[in-house]
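A structural walkthrough
Single-letter residue listing:
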Amino acid sequence: MRDTGHEGNSAAIKAEDFHGSGQQSPPRKPAGPAKLSRKLRAILSLDDLEPAARRHLPRPLFGYIVGGSEDNASRTDNRAVFKEYGFVPRVLTDVSKRSQAATLFGKTYAAPFGIAPMGISALMAYRGDLVLARAAAEASIPMIMSGSSLTRLEEVAEAAPETWFQAYLPGEPPRIEALVDRVARAGFETLLLTVDTAVLASRENNVRTGFSTPLRPSLRLAYDGAIRPNWLVNTFARTLLRHGMPHFENSYAERGAPIVAQNITRDLGLRDHLNWEHLKQIRAQWKGKLIVKGILAPEDARIAREQGVDGIIVSNHGGRQLDGAISGLRQLPGIVAESGGIPVMFDGGIRRGTDVLKAVALGADFVFVGRPFLYAAAIGGQDGVQHAINLLATEIDQDMGLMGINSLKEMGPDKLYRRSPAS
Ligand SMILES: Cc1cc2nc3c(=O)[nH]c(=O)nc-3n(C[C@H](O)[C@H](O)[C@H](O)COP(=O)(O)O)c2cc1C
């Protein structure tokens, strides 16, 4: 049986051990939950989460998570590109001291990956944003809270102060100033600006499954919910009873639209006005770490760096924005060359430890994973997310050993070979 490392693995650690002093050998990876439910025991890899979530979530909600835009060309390529690379492992190197710990902005995380920002998580999982943030904090990895979220950012900052905040901002200076001020007052230290959403993409799959924000009440929506009783009772009804109808809480300084409404439309503001001048404004106002997410062109990486951002995330938004946008993995080396030494992070399609190692070899300082963690939160709450973190960290640990390396710094282009895309 495969060792998922959740029990009896002496190399597994809890966050407090990770930060504790006097540790002799470096920790290998974050620990999973103490005890796994039967449902979670059946999840052996991140890819197992998707069918489980399909069975658990109402069709429009699952469709919203899984889908890309238009023909899913970018989403598909985000996975395919990893298969274009293979490994050149080294042997007989003594890998007993291996550690996947990764340092970013002066903080050492237990693993080189974090949780990407995902909107409306609290509709997919009960208290979804908090569940993701707490699981990440427990595992000592970063979690990025989405600006399109249904939990007040202040509540997440209080529960998990290390969480990062991601903003979608319109090209409207007063609204930018008010939100940035609110995020700072809440105590966040890291702010991310997502820049690949100047206009909404065409996601026909959402129309086909009946998904929209806000969701429109209909017989079909009621039916889709009714045939997912576990979600209906334990996520939706529980949320309504305990916290009332969820609203978009963090798009701006003030509360936005409810998640279910007949006639209300979401105020997305002048997002298509957003430009580098607004980034300058944010940089001048925000004293913490500032990261730009959604860079694909080396030239944009250079401009961002020159404007004083602290890091960039190379991303095509999980293939959910411009369909056909190049996979970030293909752009990593070119972007790293223009980054002038600021941290370059990457997301899109990571599902395996080997994917993480490939991205690191191509120059990523850190990576983020989206969909699988939201599926994990939906089907298993905080335990589900911790289990998913542990699965990926366990794979990285194994893969490092098999690659013949003790530290991620050893993962360079010499450890990869490129297959021809057609093979
Ligand atoms: C359901 C869902 C919601 C998302 N919401 C946001 C968001 O609010 N802000 C953002 O910057 N990116 C958002 N993204 C993109 C992710 O942050 C990330 O770039 C992408 O999911 C990475 O690809 P992966 O899912 O293949 O790992 C979302 C992605 C998904 C799947």
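Whatever comes next refers back to the structure up there.
Description of the structure in this document. (Residues numbered from 1 in each chain as written. Predicted model: local features only at pLDDT ≥ 70, side-chain atom pairs only at ≥ 80, totals over all residues. Heavy atoms only, no water.)

1. Quick notes on the site of the ligand
Under the convention used in this document: Note on terminology: near, applied to a residue and a molecule or strand, indicates that one of the residue's heavy atoms is within 4 Å of it. Each polar contact in these results corresponds to two N or O atoms within 3.5 Å; when the atoms are within protein, one needs to be able to donate a hydrogen and the other to accept it, and residues that are neighboring in sequence are counted only if both atoms are side-chain atoms. Here the open area of atoms and residues is found with the Shrake-Rupley method and a 1.4 Å probe, where only the protein chains shown may cover a residue. Any residue that is not Ala, Val, Leu, Ile, Met, Phe, Trp, Tyr, Cys, Pro, Asp, Glu, Lys or Arg is counted as polar, Gly included; the first ten are nonpolar and the last four charged.
Taken together, 22 residues sit near the ligand, with Pro-117, Ser-146, Tyr-168, Thr-194 and Asp-347 positioned nearest. Between Thr-194 and the ligand, the recorded distance is 2.7 Å, taken from a side-chain N or O atom to an oxygen atom. The side chain of Asp-347 places a nitrogen or oxygen atom 2.7 Å from an oxygen atom of the ligand. In isolation the ligand has 600 Å² of accessible area, and contact with the protein removes 99% of it. Considered class by class, the residues forming the shell around the ligand number seven nonpolar, 10 polar and five charged.

2. Some details on the side chain of His-387
In plain terms, the rule: Runs of E in the DSSP output that reach at least two residues are strands. Runs of H or I that reach at least four are helices, and both are numbered from the N terminus. Using a 1.4 Å probe on the protein chains alone, a residue whose accessible area is under 20% of its type maximum counts as buried, one over 50% counts as exposed, and one in between counts as partly exposed. Throughout, a contact is declared for two residues whenever any of their heavy atoms are within 4.5 Å.
Structurally, His-387 can be placed in helix 17 (residues 371–403). Overall, His-387 belongs to the buried group, its relative accessible area being 1%. Setting aside residues up to four positions removed in sequence, His-387 forms contacts with Pro-33, Leu-36, Leu-40 and Ile-43.

3. A look at the packing of aromatic side chains
We count it as follows: In this scheme Phe, Tyr and Trp rings, the latter by its six-membered ring, pair at centre separations within 6.5 Å, and the angle between planes marks the pair as stacked below 30 degrees, edge-to-face above 60, and tilted otherwise. Geometrically, a charge over a ring is one whose NZ (Lys) or CZ (Arg) sits within 6 Å of the ring centre while staying within 35 degrees of the ring normal.
Evaluation of the coordinates by the stated rule reveals 10 aromatic pairs. The rings of Phe-105, Tyr-109, Trp-164, Phe-366 and Phe-368 are connected pair by pair, giving a single aromatic cluster. A cation over an aromatic ring shows up here: Arg-238 above the ring of Tyr-126, its NZ or CZ 3.8 Å from the ring centre.

4. Some words on the sheet that holds strand 6 (residues 113–115)
Rules: The rule for pairing is simple: two strands pair if DSSP sees at least two bridges between them. Note on definitions: angles span 0 to 180 degrees between N-to-C directions of axes, and those axes are lines fitted to C-alpha atoms, for helices only across the stretch in contact.
Taken together, eight strands build an open sheet; the order of strands is 6-13-12-11-10-9-8-7 and the sheet is parallel. The sheet terminates laterally at strand 6 and strand 7 (144–145), the two strands that pair on one side only. Judged from the two bridges that link them, strand 7 and strand 8 (residues 164–167) form a sheet pairing that is parallel. Residue Met-145 lies in a different strand from strand 8, and its bridge partner there is Phe-165. Strands in contact with helix 13 (residues 276–285) are strand 9 (190–194) and strand 10 (289–295); relative to strand 10, the strand with the most contacts, it is inclined by about 155°. The sheet contacts of helix 15 (residues 328–338) involve strand 10, strand 11 (311–314) and strand 12 (344–347), and relative to strand 12 the element is tilted by about 175°.

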